[in-house]
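Residue-level listing of the chains:
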Amino acid sequence: MMTDIGARAARMVRTDKKGGFPAQQQDPPGVTGDMTPVPDHGEQTYVGHGRLEGRKALITGGDSGIGRAIAIAFAREGADVAINYLQAEQVDADETCDWVTKAGRQAVQVPGDLRDRATCDQVVADASKELGGLDILVNNAGFQWDRGRGKDGLEGLEPDDVDRVIETNLVAVIWMCKAAAAQFGEGATIINTTSIQAYDPSPGLMDYAATKAAINNLTVNLAAALGPKGIRVNAVAPGPIWTPLQPATREVEKVETFGKDTPLGRAGQPGEVAPAYVFLASTADASYVSGTVLGVTGGGAVF
Ligand code: NAD
Ligand code: MG
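Residues numbered from 1 in each chain as written. Chains lettered and ligands numbered in written order. Predicted model: local features only at pLDDT ≥ 70, side-chain atom pairs only at ≥ 80, totals over all residues. Heavy atoms only, no water.

**A look at unusual backbone geometry**
Line of reasoning, step 1. Note that the residue after Pro 28, namely Pro 29, is joined by a cis bond; omega there is 5°.
Line of reasoning, step 2. Looking at where Pro 29 falls in the secondary structure, it is placed in the loop between helix H1 (4-14) and strand E1 (56-60).
Line of reasoning, step 3. In this structure, Pro 37 follows Thr 36 across a cis peptide bond, with omega equal to -5°.
Line of reasoning, step 4. Secondary-structure assignment places Pro 37 in the loop between H1 and E1. (Helix = DSSP H or I, 4+ residues; strand = E, 2+ residues; numbered from the N terminus.)

**A look at the coordination of the magnesium ion (ligand 2)**
Line of reasoning, step 1. Distances from the magnesium ion (ligand 2) to its protein donors, Asp 63 (OD), Ser 64 (OG) and Glu 89 (OE), fall within 2.1 to 2.3 Å.
Line of reasoning, step 2. Donor residues binding the magnesium ion (ligand 2) come from one chain and are separated in sequence as D-S-x24-E. Placement of Ser 64 in the loop between E1 and helix H2 (65-76) and of Glu 89 in the loop between strand E2 (80-84) and helix H3 (90-102) is noted, with a sequence separation of 25 residues between them.
Line of reasoning, step 3. For Ser 64, a relative accessible area of 11% translates into the label buried. (Donors = N, O, S within 2.8 Å, 3.2 Å for Na, K, Ca; no water. Buried < 20%, exposed > 50% of the residue type's maximum accessible area, 1.4 Å probe, protein only.)

**Here we look at the pairing of strand E4 (residues 136-139)**
Line of reasoning, step 1. In E4, alternate side chains face the same way, and those of Ile 136 and Val 138 on one face and Leu 137 and Asn 139 on the other are all buried.
Line of reasoning, step 2. Where E1 and E4 come together, 3 bridges link them in parallel fashion. Opposite Ile 59, over in E4, you have Val 138 as the bridge partner.
Line of reasoning, step 3. By the bridge criterion, 4 bridges tie E4 to strand E5 (residues 189-193) in an arrangement that is parallel. When the sheet's bridge partners are listed, Asn 139 is paired in E5 with Asn 192.
Line of reasoning, step 4. Traced from E4 through helix H5 (residues 159-181) to E5, the parallel crossover comes out right-handed. (Pairing = 2+ DSSP bridges. Right-handed = clockwise from strand over helix to strand, strands pointing away.)

**A word on the confidence of the model for the protein chain**
Line of reasoning, step 1. Considering every residue of the protein chain, the mean pLDDT works out to 94; 94% of them sit at 70 or more.
Line of reasoning, step 2. With pLDDT under 50 throughout, residues 1-16 is counted as low confidence; its partners more than four residues away or in other chains account for 21 contacts. (pLDDT = per-residue confidence, 0-100. Contact = heavy atoms within 4.5 Å.)

**A closer look at the packing of aromatic side chains**
Line of reasoning, step 1. Enumeration according to the criterion identifies 4 aromatic pairs in this entry.
Line of reasoning, step 2. Centre to centre, the rings of Phe 21 and Phe 258 are 6.3 Å apart; their planes meet at 45°, and the pair counts as tilted. You can see Phe 21 sitting in the loop between H1 and E1 and its partner Phe 258 sitting in the loop between helix H8 (252-256) and helix H9 (274-281), a full 237 residues away along the chain.
Line of reasoning, step 3. Taking relative accessible area as the criterion, Phe 21 reaches 13% and is therefore assigned buried.
Line of reasoning, step 4. Taking 6.5 Å as the distance between ring centres and 50° as the angle between the ring planes, the aromatic pair formed by Trp 242 and Phe 258 counts as tilted. Taken together, the residues span a long stretch of sequence, with Trp 242 in the loop between strand E6 (232-238) and helix H7 (245-249) and Phe 258 in the loop between H8 and H9 at a distance of 16 residues. There is no split in this pair, since Trp 242 and Phe 258 are both buried.
Line of reasoning, step 5. Members of the aromatic cluster, joined through ring pairs, are Phe 21, Trp 242 and Phe 258.
Line of reasoning, step 6. Geometry around Phe 143 places Arg 164 over its ring, the cationic atom sitting 4.0 Å from the centre. (Phe/Tyr/Trp six-rings, centres within 6.5 Å; stacked < 30°, edge-to-face > 60°. Lys NZ or Arg CZ within 6 Å of the ring centre and 35° of its normal.)

**Notes on the nonpolar core**
The tendency in soluble globular proteins is for nonpolar side chains to be buried as a group.
Line of reasoning, step 1. By size, the foremost hydrophobic cluster in this structure holds 31 residues, and its most contacted members are Ile 70, Phe 74, Val 138, Val 236 and Tyr 277.
Line of reasoning, step 2. Elements that contribute at least two residues to this core include exactly E1, H2, E2, H3, E4 and H9.
Line of reasoning, step 3. Here the element with the most residues in this core is H2; it accounts for 7 residues.
Line of reasoning, step 4. Apart from residues no more than four positions distant in its own chain, Val 236 is found in contact with Ile 191, Asn 192, Thr 193, Thr 194, Ser 195, Val 273, Ala 276, Tyr 277, Leu 280, Leu 294 and Val 296.
Line of reasoning, step 5. Of all hydrophobic cores here, the second largest spans 30 residues; its members include Val 108, Val 124, Ile 215 and Leu 226. (Core = buried A, V, L, I, M, F, W, Y, C linked by side-chain atoms within 4.5 Å.)

**Some details on the side chain of Ser 282**
Line of reasoning, step 1. Along the chain, Ser 282 turns up in the loop between H9 and strand E7 (293-296).
Line of reasoning, step 2. With a relative accessible area of 1%, Ser 282 lands in the buried category.
Line of reasoning, step 3. Leave out the neighbours within four places in its chain, and Ser 282 touches Arg 51, Leu 52, Arg 55, Arg 232 and Ser 287.

Put into structure tokens, the structure is as follows:
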């Protein structure tokens, strides 16, 4: 692992000031190894400071992208980590778990499609059993479809895609929260993953953006419902982040320009998002933070 100064230097070197990416596409859910360039999840840079010592976290979509970066950061902060993912992503899940194990923490795999409610219950039960408890739930699994055959807005929407977006991004989050909250004690926390799309929606992501706005709303209500039990609930709103989701669901032209329209002029890397989750998960740092959304957007406004 690098020193803090070494980590900052590495981050500056990797910054692509021009923004955008080489033309590429994958089929969903997409895998890390087929991306050019491969994203930076903080493997060489994230330095833990014991902020999550002894905690037990379940991260959905923890195989790749933002979820992998969260798993690495949480493990280096001292947490044991269970990840949920789709079976087709086993290669990515294995690599994430290798990083968790290398950090000296327990890594547990709980694959399953969260569009099925019984699977949500089972994933929470299995993660809790394997880890010997659970006190952090990160709802990070998500799906979008931005290939409406060149048509944005209502014309680009197809029923199967819309169902998949809403069931994955919103319905599954509700059932995951219900299952986890049933066994959470005081000091436990939920962190949802929303998006800049909740505030500044794109016509090509009409259904996706609506689910993210709904997650913001849900986060406020969950914080109100669970606060009296000493459970904090927050959300992180990433801007454009270079993950498998992008080449797996966007048209080529949108990959090439991805992130260029942000005030910082580039997409972010997953490793640049993970510290926001660490902060919100930390009982010491975020003890009075609940019901809010933390933006990691490269400058896009989250209000
Ligand atoms: P990613 O593809 O690496 O991760 C998404 C994960 O969701 C997949 O790895 C997959 O395991 C999981 N998933 C999808 N459908 C599922 C299902 N039915 N059941 C179980 N798991 C399922 O991409 P990412 O960008 O890291 O996405 C993580 C989260 O970040 C998503 O909620 C996404 O909406 C959100 N987000 C991403 C960006 C971005 O620009 N990448 C921006 C804002 C918000
Ligand atoms: Mg994945």
